[in-house]
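In case you want the letters, here they are:
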Amino acid sequence: MPSDDVKTAVPRSTGRPVTIDPDAVAAIALRLFAERGYEQTSMEDIAREAGIGRKSLYRYFSSKAELIWGGMEPVVEASGRVLDSAHAGSASAGATGGDVLAGLREAAVAGVAVLPDLAVTRGRLRLIAEHPELASRSYESLAPQRERARAYLVSAGLGEDVAGYLCAAFMGTTFEAWMQWAAGTDPDPVPYLVAAVGVLRVPGS
């Protein structure tokens, strides 16, 4: 969990626009959730503890759920960029089943490097696991990655139906990998993600 010494999310200089560090706000929120409980902590509590106005907080996060899931956006975007690049490559050369899975594996681990604080990520994922209303947002929150993965698989020569099935399996196994990592204490999620992609198979290869 994040350190208790995180106290403010904005610089204190005067005469300049307020700049909010979303990850710092998330670290503060996670500390409050741990101390008071998720349901008992309000957006107003988070704003007050972060030293920012409530309206400023709502400009970045529309709800507590958005605050939790918003931190996963860099992972989704990094993975998507890898899939887009692999999409272009597979379209110009006949991709084997091994190539297809290599692309998925690279996409799965790409997000780890862009996370500034894995302790905050672990806290977010543990909250998602504990609260059904947070877990229920996974389909919507991961939609951009799902669409890019499906486009990549179709470009690699898989039929629409098969691409849809394999995409669903990819999303499910990698999400489970993140959750298994978050439930433990291992510092690095990459082995979990690699193992998750390792159970996938491309039909006919």
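Cut-offs and rules
Residues numbered from 1 in each chain as written. Predicted model: local features only at pLDDT ≥ 70, side-chain atom pairs only at ≥ 80, totals over all residues. Heavy atoms only, no water. Helix = DSSP H or I, 4+ residues; strand = E, 2+ residues; numbered from the N terminus. Buried < 20%, exposed > 50% of the residue type's maximum accessible area, 1.4 Å probe, protein only. Contact = heavy atoms within 4.5 Å. Phe/Tyr/Trp six-rings, centres within 6.5 Å; stacked < 30°, edge-to-face > 60°. Core = buried A, V, L, I, M, F, W, Y, C linked by side-chain atoms within 4.5 Å. Salt bridge = Lys/Arg side-chain N within 4 Å of Asp/Glu carboxyl O.

Draft legend 1. Spatial organisation of the overall build of the protein. For the protein, the count of helices and strands is 12 helices and zero strands. The secondary structure elements of the protein, listed N-terminal to C-terminal, are α-α-α-α-α-α-α-α-α-α-α-α. Out of the 205 residues in the protein, the part that is buried amounts to 45%. Relative to all contacts within the protein whose residues are 6 or more apart in sequence, the contacts with residues 24 or more apart total 69%.

Draft legend 2. Just the packing of aromatic side chains, in detail. Within this structure, the stated rule accounts for three aromatic pairs. Each ring, one from phenylalanine 33 and one from tyrosine 38, has its centre 5.0 Å from the other, and the planes form 65°; the classification is edge-to-face. Across the pair, tyrosine 38 and phenylalanine 33 agree in class, each one buried. Plain terms: the ring middles of tryptophan 178 and tryptophan 181 are 5.7 Å apart, the flat faces sit at 85° to each other, and that makes the pair edge-to-face. In this pair, tryptophan 178 and tryptophan 181 both sit in helix H11 (residues 160–183), three residues apart, roughly one turn of the helix.

Draft legend 3. Expanded view of the nonpolar core. Of all hydrophobic cores here, the largest spans 61 residues; its most connected members are Ile46, Ile68, Leu104, Leu153 and Phe170. Not counting the four nearest positions on each side in its chain, isoleucine 68 is found in contact with Leu30, Phe33, Tyr38, Arg124, Leu127, Ile128 and Leu134.

Draft legend 4. The arrangement of the pattern of salt bridges in detail. The full count for this structure, using the stated rule, is 11 salt bridges. Of the charged contacts, one joins arginine 31 and glutamate 49 as a salt bridge, the two residues approaching to 3.1 Å between their closest N and O atoms. Within this pair, whereas arginine 31 is found in helix H1 (residues 22–36), its partner glutamate 49 is found in helix H2 (residues 43–50), the two being separated by 18 residues in sequence. Given a relative accessible area of 6%, arginine 31 falls into the buried group. Judged by its relative accessible area of 25%, glutamate 49 is partly exposed. Residue aspartate 45 pairs with arginine 48 through a salt bridge whose shortest N-O separation is 3.1 Å. Highlighted residues: aspartate 45 and arginine 48, both in helix H2, separated by three residues, approximately one helical turn. Salt bridges linked by common partners bring Glu77, Arg81, Asp84 and Arg148 together as one network.

In short, shape yes, function no, at least from these values alone.
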